[in-house]
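For reference, the chains in residue letters:
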Amino acid sequence: MTNAVAHLLVACASLLLLTTQQAVRGGLDVEPEDIYKTIKSKNGVVVDCVYIHKQPTLKHHPLFKDHKIQVYPRSVDSRRPVGHLRQEWHSSGSCPAGTVPIRRLPKTTVTSPPAAMPSFSRDQHRRDAIILDDSNSPRQEFAIALALAGPYHGASALLPSWRLAKIEPGDASATSLVISGTVNRTWASNPFPGEIPPDVTNQIAVGLMTDPAVFGNGDPHLYVFYTNDGGSSRNCLNFQCPGFVQTSNEILLGASFIDGGSSIAYGGVPYVAVNIHRPSGQQQWWVSVNDTAVGYFPHFLFPTFFPESFVNQLGGSVRDTRPGGAHTDTEMGNGRTPDTGGAAVVKAYLAVAANGADVKDMPVKYAVTAPKCYNVAVLGENTDVPGYDIAYGGPGGSGCDE
C-alpha cells in the first residue's frame, strides 16, 4: 500500500474520530452579548442566532483578525435540482438577516480521539483499492469511491438522507462528499490522472452524519469538516474549532431534518444537494446545500492555500467501537450492500473543473475496509440528472470479521 493511500484513509478516519474541546455551542463558546436571540425547537435543540461578525471562527482564530466576510457570487448557481431544506428548528423560529444560527451543544459533548493508523494491504493488480484491517481494536470502516482526474475546483452530488435502523452506542455513520488536495507543488504542477497524490494534507467535507452521542438522536445531521494536516491532529467538525465562516441565516450545522429534510426525492428517498466549490476569482472554498451557500473555508487555513483538489471522494463511513469485542452492527447507508440491490445511492456526482465548468467524472478507484459487510460500486451515469451514481453501504455485523 502506498503512503498516499494510507494518508488518505487516516484523513478520512478523522471525519468521525475527532478530537475536540469541551463543547458549548458547537464546540466554541459564544458570549451572551453576541447572541441576538435564542430558539428552542420542538425536539429540544437550542439554537443561538449569533451576530454574523461575532461568530466563533471570527473571534477564536488569530488569522481572522480584521477579516472581511466574503460574498458568494450568485453567477455560479448550481444547475442541479433545487429543493427546500426543512430542518427541525425551522418550525420554532428563524434567525434574521445579519445573524447566523449556531447549535448549542451540552458542555459534556465530547467525541472520540483519532485511532492510530491500522495495518492495511492493497492488491496492486486491482483497479480498486481493497484495504483490509485484521485488528480487533476499534476502527473506522469505509466504502468510498475516488475520482482522480484533477485538478478540480470542487465537486457536487446528491446525498441520500436515510435514518438508520441500527446504530450501536458510541458508533457513528456518515455519508459525505470530500475534496482533498496535496501540498506537493511539484506533483501538482504535473499530476498523473488516475493516481492518488503523494499526500492529501488539505481536506474539506460536507455530509450527513448520525451520531447519537453528539447530536442526541438517531437522525442524520448536516455537518462540515476540514483538516489542514492530513488528519494527524487538526480535525474540525462544524464549530468544534475555528475555521468555517458561516454566511447563511437559514441553515443550521448539526441539525436534523423533517421527513428526510429535503423536497428533492427519488424513489421516495429524500436527497440533499451538496456542493464544495472554489469560484473563479476567489480563493475560499464555499459549501452549499440545496443551492444555498452555507459559508466558506478561507484559503489561509491551509498549507499552500489549497488552490485545487486532486481527490473527490464519495460514499460512507462508520465509526466501529467494536461493542462486546465484535464488529459493530451499525449500518452504513441504508444497511444494504450494492450487490444485494436496493443499496443507498449517492446520485449525480459531478466535478468542477479548473475552468469552473461542471463535468462528468467517473470515479476510478475504491477504498473498502470490510467488503463482507460494507461495499461500494459505481453504477454509471444518472439517467435523470447529469453525473455518476455510486451505490454504497451495508449492514455491519459479526460476519465482517470472518
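As recorded in an unreviewed UniProt entry, the protein chain goes by Neprosin PEP catalytic domain-containing protein and comes from Urochloa decumbens.

Undergrad: Looking at this structure, how should I read the overall build of the protein chain?
TA: A tally of helices and strands in the protein chain yields four helices and 23 strands. Within the protein chain, residue pairs in contact and separated by at least 24 positions form 75% of the contacts whose partners lie at least 6 positions apart. Summed over its atoms, the accessible surface of the protein chain is roughly 15,100 Å², and 51% of this surface lies on carbon and sulfur atoms.

Undergrad: What should I look at first to understand the pattern of salt bridges in this one?
TA: A side chain of one charge can pair with a side chain of the opposite charge when the charged atoms of the two come close. If you walk through the whole model with that rule in mind, you get 12 salt bridges. For Asp-401, the salt bridge goes to Arg-139, with nearest N and O atoms at 3.5 Å. You can see Asp-401 sitting in the segment after strand S23 (388-393) and its partner Arg-139 sitting in strand S6 (residues 139-147), a full 262 residues away along the chain. Classification of Asp-401 as partly exposed rests on a relative accessible area of 36%. Residue classification places Arg-139 among the buried residues on the basis of a relative accessible area of 5%. Measuring nitrogen to oxygen at the nearest pair gives 3.0 Å for the salt bridge that ties Asp-211 to Arg-319. On the criterion of sequence distance, the pair formed by Asp-211 in the loop between strand S9 (202-210) and helix H4 (212-215) and Arg-319 in strand S18 (residues 311-320) is long-range, its members being 108 residues apart. Each member of the pair, Asp-211 as well as Arg-319, carries the same accessibility label: buried.

Undergrad: Would you explain the state of the cysteines in this entry?
TA: Every disulfide links exactly two cysteines, by a covalent bond between their sulfur atoms. Counted by the stated rule, this structure contains three disulfides. Shown here is the disulfide that connects Cys-49 with Cys-95, its sulfur atoms set 2.0 Å apart. Because the torsion about its S-S bond is -85°, the bridge between Cys-49 and Cys-95 counts as left-handed. Of this pair, Cys-49 sits in strand S2 (residues 46-51) while Cys-95 sits in the loop between strand S3 (85-87) and strand S4 (99-104), and the two are 46 residues apart along the sequence. By the burial criterion, Cys-49 is buried, and Cys-95 matches it. What pairs with Cys-373 in a disulfide is Cys-400, and their sulfur atoms sit 1.8 Å apart. When the S-S torsion is 130°, as for the bridge of Cys-373 with Cys-400, the disulfide is right-handed.

Undergrad: Even after reading the chapter, I still don't get unusual backbone geometry, so can you show me in this structure?
TA: Of note, the bond from Gly-150 into Pro-151 is cis; its omega dihedral lies within 30 degrees of zero at 20°. Even without being glycine, Ala-348 reaches a positive phi, approximately 55°. Considering the arrangement of structural elements, one finds Ala-348 in strand S19 (residues 344-353).

Undergrad: Help me out: how do you make sense of the packing of aromatic side chains in this one?
TA: Any two aromatic rings considered together are summarised by their centre-to-centre distance and by the angle between their planes. Evaluated as defined, the whole model comprises 13 aromatic pairs. With a centroid separation of 6.1 Å and 80° between ring planes, the pair formed by Tyr-36 and Tyr-51 is classed as edge-to-face. Of the two residues, Tyr-36 is situated in strand S1 (residues 35-40) and Tyr-51 in strand S2; the sequence distance between them amounts to 15 residues. One cation-aromatic arrangement involves Lys-347 over Tyr-266; the distance from NZ or CZ to the ring centre is 5.7 Å.

Undergrad: What's the story with the confidence of the model for the protein chain in this structure? I'm lost.
TA: Taken residue by residue, the protein chain gives an average pLDDT of 84. The fraction at 70 or more is 82%. The low-confidence segment residues 13-26 (pLDDT under 50) makes 70 contacts with residues lying over four places distant or belonging to another chain. Here residues 112-125 is modelled with pLDDT under 50, and outside its nearest four sequence neighbours on either side it reaches 34 contacts, counting other chains as well.

Undergrad: I would appreciate a short explanation of empty space enclosed by the protein in the present structure.
TA: Space left empty within the atom packing is revealed by a probe, the size of a water molecule, rolled over the atoms. Under the criterion given, the structure shown has four cavities of 30 Å³ or more. What the largest cavity holds in volume is close to 100 Å³. Surrounding the largest cavity, Pro-160, Ser-161, Trp-162, Leu-164, Ser-173, Ala-174, Thr-175, Leu-208, Thr-210, Pro-220, Gly-333 and Tyr-392 form its lining. Broken down by secondary-structure element, the contributors of at least two residues to the lining of the largest cavity are strand S8 (172-181) and S9. With three residues, S8 is the largest single contributor of residues to the lining of the largest cavity. Here the residues of the lining of the largest cavity sort into seven nonpolar, five polar and no charged.

Undergrad: Would you explain the sheet that holds S4 in this entry?
TA: By definition, the strands of a sheet pair up through backbone hydrogen bonds, in either a parallel or an antiparallel sense. Pairing in this open sheet of three strands is antiparallel, and the strands run S1-S2-S4 from one edge to the other. Of all strands in the sheet, those with a lone pairing partner are S1 and S4, marking the two edges. Neighbouring strand axes in the sheet, compared pairwise and without regard to direction, differ in orientation by 25° on average. Two elements, S1 and S2, share five bridges in a ladder whose sense is antiparallel. Bridged to Lys-37 within S2 is Cys-49.

Each value, and the rule that gives it
- Residues numbered from 1 in each chain as written.
- Predicted model: local features only at pLDDT ≥ 70, side-chain atom pairs only at ≥ 80, totals over all residues.
- Heavy atoms only, no water.
- Helix = DSSP H or I, 4+ residues; strand = E, 2+ residues; numbered from the N terminus.
- Contact = heavy atoms within 4.5 Å.
- Areas by Shrake-Rupley, 256 points an atom, 1.4 Å probe, with all protein chains shown as cover.
- Salt bridge = Lys/Arg side-chain N within 4 Å of Asp/Glu carboxyl O.
- Buried < 20%, exposed > 50% of the residue type's maximum accessible area, 1.4 Å probe, protein only.
- Disulfide = S-S within 2.5 Å.
- Phe/Tyr/Trp six-rings, centres within 6.5 Å; stacked < 30°, edge-to-face > 60°.
- Lys NZ or Arg CZ within 6 Å of the ring centre and 35° of its normal.
- pLDDT = per-residue confidence, 0-100.
- 1 Å grid on protein atoms, 1.4 Å probe; cavity = no way out; pocket = protein on both sides within 12 Å on 5 of 7 lines; lining within 4 Å.
- Points joined across faces, edges and corners; volume = space filled by probe spheres on them.
- Nonpolar A, V, L, I, M, F, W, Y, C, P; charged D, E, K, R; others polar.
- Pairing = 2+ DSSP bridges.
- Axes fitted to C-alpha atoms, helices over the stretch in contact; angles between N-to-C directions.

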